[in-house]
Amino acid sequence: QVQLVESGGGLVQPGGSLRLSCAASGNIFSSNTMGWYRQAPGKQRDLVAAITNGGSTRYADSVKARFTIFRANAKNTVYLQMNSLRPEDTAVYSCYLDQCGSHTWGQGTQVTVSS
C-alpha cells in the first residue's frame, strides 16, 4: 500500500511563487513515475508535470519555463516549484505515483493565485 502526503499549497499573488511537496510512503519500487495533476472548478483534471525515477520530465505547455518538477529519490519525494504564477493556475493540485501498473493519488492541495 502506498500513501502520498502533499504540502505547500496556499494563496499567492500573481507573479509570485509556491513550492509543492509530495512525500510517498509504503511499498515504493525503485522504478516509478511521480507527478502532479490539477483541476480547476468546472474543468477537467489535466497533467501539469511528471518525472521518472531516472529524472526524465514532461510538462504541460501552459507551465513550461515557469514550473519545475524535481525529486529526491532517497526521500521518495517529488516537488513542484511554481514561479510566475497566474490566476489561471488556480486549481486543486494532486500528486500521483505510478508503479507496476498501479496508480495512487494524493489528497490534493489548493493553490489560489489572486490579488
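Here the residue numbering is sequential within each chain, running from 1 through the sequence in written order. Only residues with pLDDT of 70 or above have their local features reported here, since the model is predicted, and side-chain atom pairs are shown and tallied only from 80 upward, although totals for entire chains, interfaces and linings are computed over all residues. Side-chain numbers here rest on the full set of heavy atoms in the structure, without hydrogens or water.

(A) Quick peek at the overall build of the protein chain. For the protein chain, the helix and strand inventory stands at zero helices and 11 strands. N-terminal to C-terminal, the α/β element order of the protein chain is β-β-β-β-β-β-β-β-β-β-β. When we talk radius of gyration, it's over C-alpha atoms, and the globule rule is simply 2.2 Å times the number of residues to the 0.38. Since a compact globule built from 115 residues should have a radius of gyration of about 13 Å, the 13 Å found for the protein chain is in line with a globular shape. Overall, the protein chain is about 40 × 25 × 20 Å in size when its C-alpha atoms are taken along their principal axes. Each of the 115 residues in the protein chain was classed as buried or not, and the buried ones make up 42%. In this description, contact between two residues means that some pair of their heavy atoms is separated by no more than 4.5 Å. Sequence-distant contacts in the protein chain: of pairs separated by 6 or more residues, those separated by 24 or more amount to 53%. Roughly 6000 Å² of accessible area belongs to the protein chain as shown, and the carbon and sulfur atoms make up 46% of that amount. Charge centroids of the protein chain, computed over 10 positive and 6 negative side chains, lie 5 Å from each other. Numbering goes from the N terminus for both helices and strands, where a helix is a DSSP run of H or I of at least four residues and a strand is a run of E of at least two. A 1.4 Å probe rolled over the protein chains alone gives each residue an accessible area, and that area as a share of the maximum for its type sets the label: buried under 20%, exposed over 50%, partly exposed in between. Note on areas: these come from Shrake-Rupley sampling with a 1.4 Å probe, and a residue is covered only by the protein chains present in the view. We score Asp and Glu as negative and Lys and Arg as positive, and we do not count His or the chain ends. Charge positions are represented by NZ for Lys, CZ for Arg, CG for Asp and CD for Glu.

(B) Geometry of the state of the cysteines. For the purposes of this analysis, a disulfide is any pair of cysteine sulfur atoms at a distance within 2.5 Å. The tally for this structure, following the rule as stated, stands at one disulfide. The residue that forms a disulfide with Cys22 is Cys95, at a sulfur-sulfur distance of 2.0 Å. Here the disulfide of Cys22 and Cys95 is left-handed, its torsion about the S-S bond being about -80°. In this pair, Cys22 sits in strand β3 (residues 18-26) while Cys95 sits in strand β9 (residues 91-99), placing the two residues 73 residues apart along the sequence. Side by side, Cys22 and Cys95 carry an identical accessibility label, which is buried. Not engaged in a disulfide, the cysteine Cys100 finds its nearest cysteine sulfur in Cys95; these two sulfurs lie 17 Å apart.

(C) Structural detail: the environment of Ser102. With respect to the secondary-structure elements, Ser102 resides in strand β10 (residues 102-105). For the pair Ser102 and Val2, spaced 100 residues apart in the sequence, the C-alpha separation amounts to 9.7 Å.

(D) Fine view of the pattern of salt bridges. When a carboxyl oxygen of Asp or Glu lies within 4 Å of a side-chain nitrogen of Lys or Arg, that pair is called a salt bridge. As enumerated under the stated definition, the model contains three salt bridges in all. As a salt-bridge pair, Arg38 and Asp89 come within 2.9 Å of each other at their nearest N and O atoms. Note that Arg38 is positioned in strand β4 (residues 33-39) and Asp89 in the loop between β8 (77-82) and β9, a separation of 51 residues in sequence. As far as the burial class goes, Arg38 and Asp89 line up, both buried.

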